Amino acid sequence: MRYARSALSRSAAGVYLALAAQIATFACLVVFEEARGKQLARQVARLGGDPDAPGAKAVTGAMSWFAVLVLLVVATTVAAGCSYFAWLRRAGATPRMIAIAWFVPVLNLAAPALLLHALRQDAGLREGRRRPWLVLLAVWWACCLAMVFLLIVRPPFAHAPHGGTLTGLGPAELVVAVVAALLCAATVKEVTQARVSARPSSIAHSLKLLPALRSLPRHTYPAGE
């Protein structure tokens, strides 16, 4: 039991580190977009996809940095997802529960938050903690849905010839991503601490003590006492 709790805490620490790496790379990409994105988008649009067009070599270096940043964001996002799913497994969710909650269309609009709530309740949720936990959970999931919405309504490479960017990402997306990551870390911490500090029920504890009680020497009283 102690090993399982320690493993859960280490798994939660892995989620924190992965989220920090994801936000760091995402921030670098947004800064690049703000500094060079619009200019590069216009230059690439003028080239028309021809690598031999005049001026193509001038943007090669910047586009190489852009590609590296995109790969880093993708890699850290995948790492964050994997570490989060590993933590869910440590927290008590089964692979089937995780797959249904996160990967079934339409259902995954609410099921991930419901799964996390079930894990928190399973660890024991006092009435005084219920409202703050539900608020934290609701705001976190709302930020996650808002991030998805921003990515859909602002698709990569806007088609406006003079106002487009390379990815469509900007400060608004960065702010929402940072808030979502912080709230995600807060929910992970809440569930982890609750499950690590959870105590077995008195009935279960008594059942565990039965073998030890049976092994105690029995005292026999002399006749007449």
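Remember, it's a predicted structure, so these values are computed and weren't measured experimentally. (Residues numbered from 1 in each chain as written. Predicted model: local features only at pLDDT ≥ 70, side-chain atom pairs only at ≥ 80, totals over all residues. Heavy atoms only, no water.)

(A) Looking closely at the state of the cysteines. Under the counting rule described, the total for this entry stands at 0 disulfides. Looking at the unpaired Cys-144, the closest cysteine sulfur is the one in Cys-184, lying at 6.5 Å. (Disulfide = S-S within 2.5 Å.)

(B) Region of interest: the nonpolar core. Counting residues in hydrophobic clusters, the biggest one holds 52 residues, and the most contacted among them are Phe-26, Tyr-84, Trp-87, Leu-88, Leu-116 and Trp-140. Among the secondary structure elements, those contributing two or more residues to this core are helix 1 (2-47), helix 2 (60-91), helix 3 (95-103), helix 4 (111-122), helix 5 (127-153) and helix 6 (171-197). For this core, the leading source of residues is helix 1, giving 12 residues. When sequence neighbours within four positions are dropped, the list of residues in contact with Trp-140 reads Tyr-84, Ala-113, Leu-116, Ala-180, Leu-183, Cys-184 and Thr-187. (Core = buried A, V, L, I, M, F, W, Y, C linked by side-chain atoms within 4.5 Å. Buried < 20%, exposed > 50% of the residue type's maximum accessible area, 1.4 Å probe, protein only. Helix = DSSP H or I, 4+ residues; strand = E, 2+ residues; numbered from the N terminus. Contact = heavy atoms within 4.5 Å.)

(C) Here's a closer look at unusual backbone geometry. Its identity is not glycine, yet Val-106 carries a phi of approximately 70°, on the positive side. When you line up the elements, Val-106 lands in the loop between helix 3 and helix 4.

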